[in-house]
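# Inside the fold
Letter by letter, the chains look like this.
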Amino acid sequence: MNFNIGNKQDKILVVDDVYDNLLIIEAILEEESYEINLEQDSIKALKLVEKSPPDLLLLDVMMPEMDGYEFTRQIRQNSALPFIPILLVTARDESSVVEGLDAGADDFIRKPVNSDELQARVRSLLRLKHSIDERDRMAKLRQDFVSRFAHDLKIPLAASNRILQLMLNGQFFNVTPDLREIIDNMIVSNSDLLTMVQNMLEVYKFEAECKSFNFNKCELNELVRSVTQELIPLAQGKGLSLNLYSRAEKPLETWGDRIELRRVFTNLIGNAIKFTDTGFVSVCLTTTADNIIIEIEDSGTGITQEEQARLFERFRQGKNKRSGSGLGLYLSRRIIESHHGSISISSELGKGSLFTIKLPIYT
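Structural notes, computed from the coordinates. Treat the numbers as computed from the prediction; the structure is a model and nothing was measured.

In this structure the tally under the stated criterion is one cavity of 30 Å³ or more. In this structure, the largest cavity encloses a volume near 40 Å³. Val61, Leu88, Thr90, Ser96, Val97, Gly100, Leu101, Ala105, Asp107 and Phe108 are the residues that line the largest cavity. Per-element tally for the lining of the largest cavity: the top contributor is helix H4 (residues 94-103), with four residues.

Okay, structure coming up:
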């Protein structure tokens, strides 16, 4: 029975430098209606795989141009290729099997090949191939849907906020104090939703491994100061003090994407203000021999040990009623790790929190 999807015929490439061996395998498998291609030259076979990936590879271990182990390693190291199950055909002892599996093969069969065993192993590996392909297809559909959905939401939300802002400025009619409060709340809600939509887009860029960065030399003293200045009105509106301390006498430079690092600092300092009702939020920059340390401390509600353990996971919301979508901290972690840095938290419930970011010093 040929396990294929729809009308697609499973394509199998068999590689062996001995032509008689190729004919034997072809004779065993041809009754299953596979599309079978035979190749004696392993170098040519590798080029065939790169040009038109098969659904399954059967590789002889011992070949003169390139043996099955190296062939397998070449396939597994090529990130542009889809998943291709690899079945090694070997006449050697058990150690060759270990080497083949370590190289990235999925299964093996010994010579002389038993027809029933070969057919069963081929069916098993093709089921694995179809299962992985279907999983990847569903993941791609989900990512495309979320990306398209989020992108389509951004335009009407931005337009709505623009109209609300014009209303607030009295462009259409006189705004009473009660109506002003309603419009203000609507603008805040829209802005929060826009932020969540943007975060969703960023998350799925990471998930789809298509997130790109524009790395340049980046001065962190100036960047953090700029973010802090922007957020001072938000802190003052809650009666909080927002202070920046820098213990460095020279520029603090790292190799990074300025826009993405700004996103991280805005999120963390903004969260500190959001979850602090009285007291302070402080931002402190220091250095070690290799790293720039950015500490963001607050006198807010604090976070339980249980919550801290999963705080940077995707869609993990805190128990605080003001917690958001659970994407901001996940994105912050992914961005910092992409800069070869780290982010951590120290907190005690009712006694505030301390977030610590470490970024490598530019040399």
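What follows continues from the structure just given.
Within a regular beta strand, the side chains point alternately toward one face of the sheet and then the other, so they alternate between its two faces. Burial of strand S11 (residues 342-347) is one-sided: the residues Ile343, Ile345 and Ser347 facing one way are buried, the residues Ser342, Ser344 and Ser346 facing the other way are not. Alignment of S11 against strand S12 (residues 353-360), held across six bridges, turns out to be antiparallel. Bridging across to S12, Ile345 finds its partner in Phe355. Hairpin connection of S11 to S12: five residues between the antiparallel strands, including Gly350 at a positive phi of 85°.

What follows covers the layout of surface pockets. The computed volume of the second largest pocket comes to approximately 220 Å³. Together, Ser79, Ala80, Leu81, Pro82, Phe83, Ile132, Arg135, Asp136, Lys140 and Glu209 line the second largest pocket. Residues that form the lining of the second largest pocket fall into these classes: five nonpolar, one polar and four charged.

Here the focus is unusual backbone geometry. What is expected of a backbone is that most residues other than glycine have negative phi and most peptide bonds are trans. Residue Pro112 follows Lys111 across a cis peptide bond; omega there is -5°. Relative to the helices and strands, Pro112 resides in the loop between strand S5 (107-110) and helix H5 (115-168). Backbone geometry places Ser33, a non-glycine residue, at a positive phi of 65°. Tracing the backbone shows Ser33 in the loop between helix H1 (19-29) and strand S2 (35-39). A positive phi is found at His340, a non-glycine position, where the angle reads about 60°. Looking at the element boundaries, His340 is found in the loop between helix H10 (328-338) and S11.

At a closest axis distance of 11 Å, the pairing of helix H2 (residues 42-51) and helix H3 (residues 68-77) adopts a crossing angle of 20°. Overall, the two elements H2 and H3 adopt an arrangement that is roughly parallel. Seen along the crossing, H2 lies across H3 with a hand that is right-handed. Where H2 abuts H3, its residues Ser42, Ala45, Leu46 and Val49 lie against Phe71, Gln74 and Ile75. Across the contact of H2 with H3, the residue classes tally to five nonpolar, two polar and no charged.

Bringing the sheet that holds S12 into the picture now. An order of S7-S9-S10-S12-S11 is seen for the five strands of this open sheet, with the pairing classed as mixed. Across the chains shown, the open sheet's two edge strands, defined by having one partner strand only, are strand S7 (241-246) and S11. Neighbour-to-neighbour, the strand axes of the sheet open up by a mean angle of 15°, direction not taken into account. Of the strands in this sheet, S7, strand S9 (280-287), strand S10 (291-298) and S12 are in contact with helix H7 (residues 220-237), which crosses S7 at around 170°.

What follows deals with the side chain of Thr228. Within the secondary structure, Thr228 is located in helix H7. Thr228 sits in the buried class, given a relative accessible area of 3%. For Thr228, the contacting residues outside a window of four places in its chain are Leu242, Leu244, Ile269 and Val283.

Here is what the cut-offs are and how they apply
Residues numbered from 1 in each chain as written. Predicted model: local features only at pLDDT ≥ 70, side-chain atom pairs only at ≥ 80, totals over all residues. Heavy atoms only, no water. 1 Å grid on protein atoms, 1.4 Å probe; cavity = no way out; pocket = protein on both sides within 12 Å on 5 of 7 lines; lining within 4 Å. Points joined across faces, edges and corners; volume = space filled by probe spheres on them. Helix = DSSP H or I, 4+ residues; strand = E, 2+ residues; numbered from the N terminus. Buried < 20%, exposed > 50% of the residue type's maximum accessible area, 1.4 Å probe, protein only. Pairing = 2+ DSSP bridges. Nonpolar A, V, L, I, M, F, W, Y, C, P; charged D, E, K, R; others polar. Axes fitted to C-alpha atoms, helices over the stretch in contact; angles between N-to-C directions. Parallel < 35°, antiparallel > 145°, perpendicular 65-115°, else oblique. Left-handed = near helix turned anticlockwise from the far one by under 90°. Contact = heavy atoms within 4.5 Å.

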